[in-house]
Amino acid sequence: MVELGGGYVGRIAWVDLSKGEVKVKDIEPSWALKYVGGRGWGARIVWENVPPDVDPLSPANVLVVAPGPLTGLLVPGAGKVSFSAISPETGYYGDSNAGGFFGPELKHAGFDALVITGASDRPVYLWVEDGGIEIRDAEPYWGKGSLDAQEMIRQDLGDSSIKVASIGPAGENLVPIACVNCDWRNAGRTGMGAVMGSKRLKAIAVRGSLDIPVADPEALYEEARAAFEHVRDHEFARVLRKYGLAWYIDWSHDHACLPVMNFRRTTYEQKDALNAEAMLARVVTALTACPMCPMCCGKFSYVRSGPYAGAAVDGPEYETIAMIGTNCCLPSIEDVVYANWLCDNLGMDTISAGNIIAFAIECYEKGIIGPEDTGGLELRYGDPGCVFKLMEMMAKREGIGDVLARGVRFAAKKLGKGSEKFAIQVKGLEQSAYDVRAAPAMALAYATADIGAHHNRAWAITYDIEVGRDKYTREKAERVIYLQHVRPLFDMLGCCRLQWVETGLSLDYYARAFKAATGVELSVEELLRASERVYNLTRAINVLRGLTAQEDWLPDRAFDEPVPDGVVKGARLDRERFRELLRAYYELRGWDPETGIPTEAKLKELGLEDVASALGGLAKQ
Ligand code: SF4
């Protein structure tokens, strides 16, 4: 029997909103270690509790809110919390994570995870404090903006330091791209805000003052000292401390992967009005950081004058600037800050919102929709008014906003006329902000990501640039698989991946920190094995929900329309070579090379016998 000496606080709360009941269960150590925490626990709890035919917006879906075993401890960037459920946007497994202080506070309040089941018949919020959970009336906050509701809850509870995860009108209106705002940081992707809305759960407010146990505090401290110094003094950490992730706008532009005009172009004449230098000069007022992070990549931005004066956000970061700024051709960084604030308060994912609006404008340009569909609103690239108006229409599901709010896959099916070719999504999730026409590894990463086209599963574009952007080698498939295990491992441990990505903080360090925290030795290989286990588990969830290999694919634009500008002008993906790359990926994973279904042998090798048995004949190949 394994014993846990710390890291975990040892308790999961099961909150049944239909019955108004809270039950607290102790964690079972071998189960906890097998799936590590965060997204790993989320996937396993979804697997065990949500049958494959469940409607994501029904009470039978479960929402798992889980930090990880390192969250809240002395580890750089250890502030992550994952939200997992069946996604109302894709219909498949979904998760998203947020940094900031909410995750650590939840552990200090005495919980490793909250599992929220059922649905309330009236708006409620959870009040979590030092081992106790109350389900409270949220009627006064329902209908309010997400950030506004957070402030009201803090005021009503009389403590400005309370941490709150909340939804806005988009989540209440079951918009499938609704996010969960965790104070200023967001769990943006896959519609976890709509799952909260379907349960009439407006918010989770947390205050914690309990200790998080640590097996070997001295070892954790010694490890942390070297790790913090490494990150603090790293040359690129200095760059990110100064510029934040907005630094990548220029990088992406220079490497011709910046999305412009719904992923048609990769260069934008007004890029310098939206890049990190513009941010620093015009809107940034302070550096911000998640707890225990010496990198401080966050920037607090404030619009000083003009029509959007007073708008303030923690950000905008690269994805938001690219998807709303360059992809919709907005003219100024102030427009992007306002759009970011608007999305946050409405409670909508900025990546999906920017992608959808750029798609809608292209539909309007091509005559697929007209003023009769938009209520007279003219849709144009470069027009901030139209972007803001569409955001509000989506959140409120008004007019064309109701169609767009369901995502570009749904909208393209509804609107037809060839719009599927330029609906830039995979598995129903809008692609995040890298053009992949000259990046087969990144394209493979998007095509095979378990939640749909999101970069956080495997950011492989730097590998494409390093080894050749026109290469479709087996090594690229191997690299994507490796990244799909490393990067989500951070979401399982409950810490930020950027210290590893940007400063090369070693994976061995995280294994040592895990041992110091929990008292359990797991090698890097064993931790990566756990991440592979979770990747196969989410694949199995998706297969049982109807996923086929046809959905491991990209929209036609990536194959048919050459990049018109930039350093890879003329490039596009090759269908046959990409198909071969995908086949190599399946083989390397131990999945059936035709169907992409995990084989019985692979699932058993990963200790997923029950999953193999549930897949039955599907996994027999
Ligand atoms: S690098 Fe940025 S996102 Fe990551 S923990 Fe630090 S401040 Fe947060």
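The rules we used
- In this numbering scheme, every chain counts its residues from 1 along its sequence in written order.
- Thresholds applied to this predicted model are a pLDDT of at least 70 for local features of residues and 80 or more for the giving and counting of side-chain atom pairs; totals over whole chains, interfaces and linings are not thresholded and use all residues.
- Each side-chain value is derived from all of the structure's non-hydrogen atoms; neither hydrogens nor water enter the calculation.
- Criterion used throughout: strands pair if DSSP finds at least two bridges between them.
- For helices the rule is a DSSP run of H or I covering at least 4 residues; for strands it is a run of E covering at least 2, with both sets numbered from the N terminus onward.
- Orientation is described by lines fitted to C-alpha atoms, with helices fitted over the stretch in contact, and by angles between N-to-C directions that extend from 0 to 180 degrees.
- Throughout, near means a residue has at least one heavy atom within 4 Å of the molecule or strand.
- Charged residues are taken to be Asp, Glu, Lys and Arg, nonpolar residues to be Ala, Val, Leu, Ile, Met, Phe, Trp, Tyr, Cys and Pro, and polar residues to be all remaining types, Gly included.
- In this document the domain limits rely on a domain assignment from an automatic tool or a database.
- Note on contacts: a residue pair is in contact if any heavy atoms of the two residues lie within 4.5 Å.
- Buried area is calculated as the accessible area (1.4 Å probe) missing from two parts once they are joined, with the contributions of both summed.
- Only one rule defines a salt bridge in this text: a Lys or Arg side-chain nitrogen within 4 Å of an Asp or Glu carboxyl oxygen.
- Nitrogen and oxygen atoms within 3.5 Å of one another constitute a polar contact, given that in protein one can donate a hydrogen and the other can accept it, and given that sequence-neighbouring residues count only through two side-chain atoms.
- Take the residue count of a helix, subtract one, and multiply by 1.5 Å to get its expected span.
- Only protein chains enter the accessibility calculation, which uses a 1.4 Å probe. A residue is then buried if its area is under 20% of the maximum for its type, exposed if over 50%, and partly exposed in between.
- Each angle is binned into one of four classes, with values under 35 degrees roughly parallel, values over 145 roughly antiparallel, values of 65 to 115 roughly perpendicular, and all other values oblique.
- Throughout, a crossing is termed right-handed when the near helix is turned clockwise from the far one, and left-handed when it is turned anticlockwise from it by less than a right angle.
- The nonpolar core is taken to be a set of buried Ala, Val, Leu, Ile, Met, Phe, Trp, Tyr and Cys residues, with the residues joined through side-chain atoms within 4.5 Å.
- Aromatic pairs are defined between Phe, Tyr and Trp rings, using the six-membered ring for Trp, whenever the two ring centres lie within 6.5 Å; interplanar angles under 30 degrees are classed as stacked, those over 60 as edge-to-face, and all others as tilted.
- Comment: the charge-over-ring label is applied if NZ (Lys) or CZ (Arg) is within 6 Å of the ring centre and within 35 degrees of the ring normal.

**Here we look at the sheet that holds strand E4 (residues 81-86)**
Next, step 1: Judged by pairing direction, the sheet is mixed, and its six strands sit side by side in the order E2-E1-E6-E3-E4-E5 without closing on themselves. Edge positions in the sheet fall to strand E2 (21-26) and strand E5 (93-98), since each has one partner strand and no second. Ignoring strand direction, the axes of neighbouring strands in this sheet form an average angle of 15°.
Next, step 2: Here six bridges tie E4 to E5, and the two strands are oriented antiparallel to one another. The residue of E5 that forms the bridge with Phe83 is Ser96.

**Regarding the site of the ligand**
Next, step 1: Lining the immediate environment of the ligand, one finds Gly77, Arg185, Ala289, Cys290, Cys293, Met295, Cys297, Cys496, Leu498 and Gln499.
Next, step 2: Looking at the shell around the ligand, its residues break down into seven nonpolar, two polar and one charged.
Next, step 3: Two domains each donate at least three residues to the shell around the ligand, and these are domain 2 (242-426) and domain 3 (436-503 + 523-618).

**A word on the sheet that holds strand E11 (residues 185-187)**
Next, step 1: The strand order across the open sheet formed by six strands is E8-E7-E12-E9-E10-E11, and the pairing between neighbours is mixed. Both outer strands of the open sheet, strand E8 (132-137) and E11, are each paired with one neighbouring strand and no more. Sheet twist, expressed as the average angle between the axes of neighbouring strands with direction ignored, equals 20°.
Next, step 2: Packing of helix H4 (residues 146-157) onto the sheet brings it into contact with strand E7 (124-129), E8, strand E9 (163-166), strand E10 (180-182) and strand E12 (201-207), and relative to E9 it is tilted by some 140°.

**Brief notes about the domain arrangement of the protein chain**
Next, step 1: Domain parsing of the protein chain yields domain 1 (11-207), domain 2 (242-426) and domain 3 (436-503 + 523-618).
Next, step 2: Centre-to-centre, using C-alpha coordinates, domain 2 lies 26 Å away from domain 3.
Next, step 3: Each partner contributes to the interface: domain 2 provides 28 residues, whereas domain 3 provides 29 residues.
Next, step 4: Both faces combined, the contact of domain 2 with domain 3 buries some 2000 Å², and carbon together with sulfur accounts for 60% of it.
Next, step 5: Where domain 2 touches domain 3, the interface holds four salt bridges.
Next, step 6: Our count for the contact surface shared by domain 2 and domain 3 stands at eleven residue pairs in polar contact (both at pLDDT 80 or more).

**Examining helix H25 (residues 575-589)**
Next, step 1: Taking 1.5 Å per residue, 15 residues should reach 21 Å; H25 reaches 21 Å between its end C-alpha atoms and fits that length.
Next, step 2: Of all the residues in H25, the buried ones are Phe578, Leu581, Leu582, Ala584, Tyr585, Tyr586 and Arg589.
Next, step 3: Packing partners of the buried residues in H25 comprise helix H18 (440-448), helix H20 (474-493), helix H23 (524-544), helix H24 (557-560) and helix H26 (600-605).
Next, step 4: One side-chain oxygen of the residue at the start of H25 lies 3.1 Å from the amide nitrogen of Glu576, identifying that residue as Asp574.
Next, step 5: Gly590 occupies a position one or two residues after H25 and carries a positive phi of about 80°.

**Looking at the pairing of strand E3 (residues 63-67)**
Next, step 1: Buried residues dominate E3, accounting for five of its five residues.
Next, step 2: By the alternation rule, side chains of E3 split into Leu63, Val65 and Pro67 and Val64 and Ala66, which are all buried.
Next, step 3: Bridge count between E3 and strand E6 (residues 113-117): three bridges; the pairing is antiparallel. Bridging from a neighbouring strand, Val65 pairs with Leu114 of E6.
Next, step 4: Here four bridges tie E3 to E4, and the two strands are oriented antiparallel to one another. Following the sheet pairing, Pro67 is matched in E4 by Val81.

**Side note on the packing of H20 against H25**
Next, step 1: At a minimum axis separation of 9 Å, H20 and H25 run at an interaxial angle of 55°. For the element pair H20 / H25, the angle class is oblique. Viewed along their axes, H20 and H25 form a crossing whose handedness is right-handed. Each of Arg474, Lys476, Ala477, Glu478, Val480, Ile481, Gln484 and His485 in H20 lies in contact with H25, whose residues at this interface are Leu581, Ala584, Tyr585, Glu587, Leu588 and Arg589.

**Examining the environment of Trp142**
Next, step 1: Locating Trp142 in the fold gives a position in the loop between E8 and H4.
Next, step 2: Residue Trp142 is classed as partly exposed on the basis of its relative accessible area, which comes to 25%.
Next, step 3: Along the sequence, Trp142 and Glu532 sit 390 residues apart, while their C-alpha atoms lie 40 Å from each other.

**Brief notes about the nonpolar core**
Next, step 1: Counting residues in each nonpolar core, the largest one holds 189 residues, and the members touching the most others are Met348, Met391, Tyr510, Leu554 and Phe578.
Next, step 2: Excluding its chain neighbours within four sequence positions, the residues that come into contact with Leu554 are Val426, Gln431, Val436, Ala443, Tyr446, Ala447, Phe559, Leu573 and Phe578.
Next, step 3: Val65, Ala85, Phe102 and Ala109 belong to the second-largest nonpolar core, a separate cluster that totals 30 residues.

**Thoughts on the side chain of Gln499**
Next, step 1: Locating Gln499 in the fold gives a position in helix H21 (residues 498-503).
Next, step 2: Judged by its relative accessible area of 1%, Gln499 falls in the buried class.
Next, step 3: Leave out the neighbours within four places in its chain, and Gln499 touches Pro76, Gly77, Val231, Cys293, Met295, Gly504, Leu505 and Tyr510.

**Here we look at helix H12 (residues 333-346)**
Next, step 1: Look at H12: 20 Å from first C-alpha to last across 14 residues, which is about the 20 Å you get at 1.5 Å a residue.
Next, step 2: Taken across its 14 residues, H12 has 13 buried, putting it largely inside the fold.
Next, step 3: Two residues or fewer after H12 comes Gly347, characterised by a positive phi angle close to 80°.

**Looking at the packing of aromatic side chains**
Next, step 1: Per the stated rule, a full pass over the model turns up 29 aromatic pairs.
Next, step 2: Summarising the aromatic geometry, the rings of Tyr248 and Trp251 are spaced 5.6 Å apart at their centres and angled 80° between planes, so their arrangement reads as edge-to-face. Of this pair, Tyr248 and Trp251 both sit in helix H9 (residues 248-254), three residues apart, which is roughly one turn of the helix. The same class applies to Tyr248 as to Trp251, namely buried.
Next, step 3: Arranged with centres 5.5 Å apart and planes meeting at 40°, the rings of Phe359 and Phe422 form a pair that is tilted. Within this pair, whereas Phe359 is found in helix H13 (residues 350-365), its partner Phe422 is found in the loop between helix H17 (408-415) and strand E16 (425-426), the two being separated by 63 residues in sequence.
Next, step 4: Judged by its relative accessible area of 0%, Phe359 falls in the buried class.
Next, step 5: Over the ring of Phe422 we find Lys366; its NZ or CZ atom is 4.5 Å from the centre of that ring.

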